[in-house]
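Here is what each chain is made of, one letter per residue.
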Amino acid sequence: ETVFLNGEFVKRKHAKVDIEDRGYQFGDGIYEVIRVYGGDVFTMNEHMERLYQSAEKMKLKIPFDLQELTSIVFKLIEANEVNEGIVYMQVSRGISPRQHHFPGEDVSGSVIAYTKEIPRPLKEMQEGVTATLVEDIRWLRCDIKSLNLLGNILAKEEASSKGHFEAIQHRGETVTEGSSSNAFIVKDGTVFTHPATNLILNGITRRVIKDMADKNGVPFVEQIFTVDELLSADEIFIASTTSEVMPVIKVNDVTIGQGMPGPVTTKLQEWFTASIKSECKI
Ligand code: PMP
């Protein structure tokens, strides 16, 4: 297994990180997860663009340009012969004696990347999954895809310890997003999702879904909805790079719609698969 570590392709067992890497000590860094289908990347430009945007928002300099990062992604997929999986890429603010303030200009960011085989969650997508509600205790810059994921981790653990696939987070009455996904409801044929503000990550999957809805004449509204509206929705789905369009058929003890993936969600899944097929060999 080949990984990328600070400018070099090395075997995973030789890839060691420094104990004073700021990613390790502070979560001071950013990351992206890019999907691979049939050995081809899906929406890579969007992920790369978001990586640079996250970097800019936290005044982090990525020591490689877009072309270099792109070539790292392709090289790893080829070296590891990834078929259906992901490329994980992370940039931290580098290695320097532990001090909260930024290190000097001489300290370069640390870049790591690796691949992993992860099949499409076809069974879950077909049957639907369950979710629980968790108060959103995260900070106010959820638009940055930062390594600091403690709030997300605690939410996901609460869900998973109760046997749920995802935690749907809410700030008071307002539903924000999942712990590692965006959240959507369908009411009377219209799709609602939280607007792309500082309170959510503007998912790449979310953007593909919006495009497909727009192209196919399904009303798609970026507008906040409440926990009550979630629980009385006709359909709920969550979406992410690894989970795609994932129907939620139950929230805690409340059955959503008919307790099975709804018609709008199913259509969006079909269009999403078509969109994958337009970029990748699956
Ligand atoms: N919100 C959060 C908090 C996430 O962690 C993710 C997954 N990275 C998403 C939304 C979905 O983003 P994407 O579709 O780009 O994977």
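Residues numbered from 1 in each chain as written. Predicted model: local features only at pLDDT ≥ 70, side-chain atom pairs only at ≥ 80, totals over all residues. Heavy atoms only, no water.

**Details of the environment of G259**
For step 1, the next point in the chain: The residue G259 is located in the loop between strand 15 (254-255) and helix 8 (263-279) in this model.
For step 2, the next point in the chain: Among the residues examined, G259 registers a relative accessible area of 27% and is labelled partly exposed.
For step 3, the next point in the chain: Separated by 199 residues in the primary sequence, G259 and L60 have C-alpha atoms spaced 45 Å apart. (Helix = DSSP H or I, 4+ residues; strand = E, 2+ residues; numbered from the N terminus. Buried < 20%, exposed > 50% of the residue type's maximum accessible area, 1.4 Å probe, protein only.)

**Looking at the pattern of salt bridges**
Side-chain pairs of opposite charge can arise where the charged atoms are in close proximity.
For step 1, the next point in the chain: Counted according to the given criterion, the structure contains 18 salt bridges.
For step 2, the next point in the chain: Residues D40 and K281 are paired through a salt bridge, measuring 2.9 Å at the closest nitrogen-oxygen approach. Of this pair, D40 sits in strand 4 (residues 40-41) while K281 is found in the segment after helix 8, placing the two residues 241 residues apart along the sequence.
For step 3, the next point in the chain: Here K187 makes a salt bridge to D234, at a shortest N to O gap of 3.7 Å. On the criterion of sequence distance, the pair formed by K187 in strand 10 (residues 182-187) and D234 in the loop between helix 7 (227-231) and strand 13 (235-240) is long-range, its members being 47 residues apart.
For step 4, the next point in the chain: Among the charged side chains, a network of salt bridges with common partners joins D136, R138, R171 and E177. (Salt bridge = Lys/Arg side-chain N within 4 Å of Asp/Glu carboxyl O.)

**Description of the nonpolar core**
For step 1, the next point in the chain: Within the largest apolar cluster, 25 residues are counted, with the highest numbers of intra-cluster contacts made by I30, L69, V73 and M89.
For step 2, the next point in the chain: Every element with two or more residues in this core is listed here: strand 3 (29-37), helix 2 (44-57), helix 3 (66-79), strand 5 (85-92) and strand 6 (110-117). (Core = buried A, V, L, I, M, F, W, Y, C linked by side-chain atoms within 4.5 Å.)

**Remarks on the site of the ligand**
For step 1, the next point in the chain: Taken together, 17 residues lie around the ligand, and K145, E177, I204, T205 and T241 are the ones closest in.
For step 2, the next point in the chain: At 2.9 Å, a side-chain N or O of R50 approaches an oxygen atom of the ligand.
For step 3, the next point in the chain: Side-chain polar atom of T205 to an oxygen atom of the ligand: 2.6 Å apart, as the coordinates give it.
For step 4, the next point in the chain: Among the elements of the structure, helix 2, helix 6 (204-215) and strand 13 are those that each provide at least two residues to the shell around the ligand.
For step 5, the next point in the chain: Counted by class, the shell around the ligand contains three nonpolar, 10 polar and four charged residues. (Near = heavy atom within 4 Å. Polar contact = N/O pair within 3.5 Å; in protein donor to acceptor, adjacent residues only side chain to side chain. Nonpolar A, V, L, I, M, F, W, Y, C, P; charged D, E, K, R; others polar.)

**Details of helix 6**
For step 1, the next point in the chain: Between its first and last C-alpha atoms helix 6 spans 17 Å; for 12 residues at 1.5 Å apiece the expected length is 16 Å, and the two agree.
For step 2, the next point in the chain: Along helix 6, the residues classified as buried are I204, T205, R206, V208, I209, M212 and A213.
For step 3, the next point in the chain: Immediately downstream of helix 6, the backbone of G217 shows phi near 75°, a positive value. (Expected span 1.5 Å × (residues − 1).)

**A short note on the packing of helix 6 against helix 8**
In a packed pair of helices, the relevant descriptors are the angle between the two axes and the axis-to-axis distance.
For step 1, the next point in the chain: Viewed as axis vectors pointing N to C, helix 6 and helix 8 meet at an angle of 105°, and their least axial separation amounts to 10 Å. Taken as axis vectors, helix 6 and helix 8 run roughly perpendicular relative to one another. Seen from helix 6, the contacting residues are T205, V208, I209, M212 and A213; seen from helix 8, they are L268, W271, F272 and S275.
For step 2, the next point in the chain: Looking at the contact of helix 6 with helix 8 residue by residue, the classes come out as seven nonpolar, two polar and no charged. (Axes fitted to C-alpha atoms, helices over the stretch in contact; angles between N-to-C directions. Parallel < 35°, antiparallel > 145°, perpendicular 65-115°, else oblique. Contact = heavy atoms within 4.5 Å.)

**Some thoughts on the side chain of E177**
For step 1, the next point in the chain: The residue E177 is located in strand 9 (residues 174-178) in this model.
For step 2, the next point in the chain: At a separation of 3.3 Å, a polar atom in the side chain of E177 contacts the side chain of N182.

**As for unusual backbone geometry**
For step 1, the next point in the chain: You will see that N6, though not glycine, has its phi angle at about 45°, which is positive.
For step 2, the next point in the chain: Within the element layout of this structure, N6 appears in the loop between strand 1 (2-5) and strand 2 (8-11).
For step 3, the next point in the chain: Its identity is not glycine, yet K59 carries a phi of approximately 50°, on the positive side.
For step 4, the next point in the chain: Relative to the helices and strands, K59 is located in the loop between helix 2 and helix 3.

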